[in-house]
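# Breakdown of the fold
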Amino acid sequence: ISDVDLGVQNASFLRLSTLTLAYTVPPAVLTKVKVSTLRIYFTGNNVFIATKYKGYDPETGDAYPMSRMFVAGVNLGF
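Residues numbered from 1 in each chain as written. Predicted model: local features only at pLDDT ≥ 70, side-chain atom pairs only at ≥ 80, totals over all residues. Heavy atoms only, no water.

## Some details on the environment of Ala 50
Along the chain, Ala 50 falls in strand S2 (residues 37-51). What makes Ala 50 partly exposed here is its relative accessible area of 33%. Put simply, Ala 50 and Leu 38 are 12 residues apart on the chain and 35 Å apart in space, counted from C-alpha to C-alpha. Beyond its immediate stretch of four places on either side in the chain, Ala 50 contacts Ser 12, Phe 13 and Leu 14. (Helix = DSSP H or I, 4+ residues; strand = E, 2+ residues; numbered from the N terminus. Buried < 20%, exposed > 50% of the residue type's maximum accessible area, 1.4 Å probe, protein only. Contact = heavy atoms within 4.5 Å.)

## Some details on the confidence of the model for the protein chain
Mean pLDDT over the protein chain stands at 86; residues scoring 70 or higher make up 91%. Mean pLDDT across the secondary structure elements of the protein chain bottoms out at helix H1 (residues 27-30), with 88, and peaks at strand S3 (residues 69-77), with 96. (pLDDT = per-residue confidence, 0-100.)

## Concerning the packing of aromatic side chains
By the definition in use, this model includes one aromatic pair. Seen in terms of ring centroids, Phe 42 and Phe 70 are 6.0 Å apart; in terms of plane orientation they differ by 15 degrees. Their pairing is stacked. Of this pair, Phe 42 sits in strand S2 while Phe 70 sits in strand S3, and the two are 28 residues apart along the sequence. A relative accessible area of 34% means that Phe 42 is categorised as partly exposed. For Phe 70, a relative accessible area of 48% translates into the label partly exposed. (Phe/Tyr/Trp six-rings, centres within 6.5 Å; stacked < 30°, edge-to-face > 60°.)

## Focus on the side chain of Thr 43
Inspection of the secondary structure puts Thr 43 in strand S2. Since its relative accessible area comes to 19%, Thr 43 is described here as buried. In this structure the side chain of Thr 43 is engaged in a polar contact, spanning 3.3 Å, whose partner is the side chain of Thr 20. If we ignore the near neighbours within four places in the chain, the residues touching Thr 43 are Leu 19, Thr 20, Met 69, Phe 70 and Val 71. (Polar contact = N/O pair within 3.5 Å; in protein donor to acceptor, adjacent residues only side chain to side chain.)

Spelled out as C-alpha coordinates, the structure:
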(Lines give C-alpha, C1' and ligand atoms only; values in the text may rest on other atoms or scores of the structure.)
Protein backbone atom coordinates (compact mmCIF):
# COMPACT_ATOMS: atom_id res chain seq x y z
CA ILE A 1 0.00 0.00 0.00
CA SER A 2 1.43 3.33 -1.02
CA ASP A 3 0.95 6.64 0.80
CA VAL A 4 -1.44 7.80 -1.90
CA ASP A 5 -3.84 4.88 -1.25
CA LEU A 6 -4.25 5.84 2.40
CA GLY A 7 -6.11 9.06 1.49
CA VAL A 8 -8.64 7.35 -0.79
CA GLN A 9 -11.99 6.35 0.70
CA ASN A 10 -15.01 4.48 -0.52
CA ALA A 11 -17.65 7.22 -0.89
CA SER A 12 -20.58 4.98 -1.85
CA PHE A 13 -23.75 5.67 0.10
CA LEU A 14 -27.46 4.99 0.37
CA ARG A 15 -29.65 7.97 1.29
CA LEU A 16 -33.34 8.36 2.07
CA SER A 17 -33.69 12.02 1.21
CA THR A 18 -37.45 12.62 1.53
CA LEU A 19 -40.15 10.64 3.31
CA THR A 20 -43.79 11.65 3.75
CA LEU A 21 -46.32 9.68 5.76
CA ALA A 22 -49.93 10.83 5.72
CA TYR A 23 -53.33 9.64 6.85
CA THR A 24 -56.66 10.96 5.62
CA VAL A 25 -59.47 10.36 8.09
CA PRO A 26 -62.51 8.74 6.43
CA PRO A 27 -65.54 11.04 5.87
CA ALA A 28 -67.80 8.77 7.94
CA VAL A 29 -65.75 9.55 11.04
CA LEU A 30 -65.68 13.30 10.32
CA THR A 31 -69.45 13.80 10.22
CA LYS A 32 -69.52 13.54 14.01
CA VAL A 33 -67.10 16.48 14.44
CA LYS A 34 -68.51 18.64 11.59
CA VAL A 35 -65.28 18.70 9.58
CA SER A 36 -65.33 17.90 5.85
CA THR A 37 -61.67 16.80 5.46
CA LEU A 38 -58.90 15.94 7.90
CA ARG A 39 -55.39 14.89 6.89
CA ILE A 40 -52.50 14.32 9.29
CA TYR A 41 -48.97 14.18 7.87
CA PHE A 42 -45.29 13.90 8.75
CA THR A 43 -42.46 14.77 6.36
CA GLY A 44 -38.73 14.30 6.85
CA ASN A 45 -35.84 15.49 4.66
CA ASN A 46 -32.39 13.84 4.77
CA VAL A 47 -33.83 11.19 7.04
CA PHE A 48 -31.19 8.47 6.70
CA ILE A 49 -27.74 7.84 5.20
CA ALA A 50 -25.76 4.61 5.25
CA THR A 51 -22.07 4.86 4.38
CA LYS A 52 -18.60 3.90 5.52
CA TYR A 53 -17.27 7.34 4.52
CA LYS A 54 -15.34 8.95 7.38
CA GLY A 55 -16.21 12.59 6.57
CA TYR A 56 -19.46 14.46 7.17
CA ASP A 57 -21.23 13.58 3.93
CA PRO A 58 -19.97 11.59 0.90
CA GLU A 59 -22.18 13.61 -1.48
CA THR A 60 -20.76 17.01 -0.50
CA GLY A 61 -17.27 15.89 0.52
CA ASP A 62 -15.88 17.37 3.72
CA ALA A 63 -18.18 20.40 3.67
CA TYR A 64 -20.81 20.77 6.37
CA PRO A 65 -23.28 17.87 6.58
CA MET A 66 -26.71 18.28 5.03
CA SER A 67 -29.24 19.37 7.63
CA ARG A 68 -32.23 17.28 8.57
CA MET A 69 -35.71 18.71 8.67
CA PHE A 70 -38.88 17.23 10.14
CA VAL A 71 -42.35 18.71 9.68
CA ALA A 72 -45.67 17.52 11.08
CA GLY A 73 -49.02 19.04 10.29
CA VAL A 74 -52.77 18.83 10.02
CA ASN A 75 -54.94 19.91 7.08
CA LEU A 76 -58.54 20.73 7.97
CA GLY A 77 -61.48 21.51 5.71
CA PHE A 78 -64.72 22.92 7.08
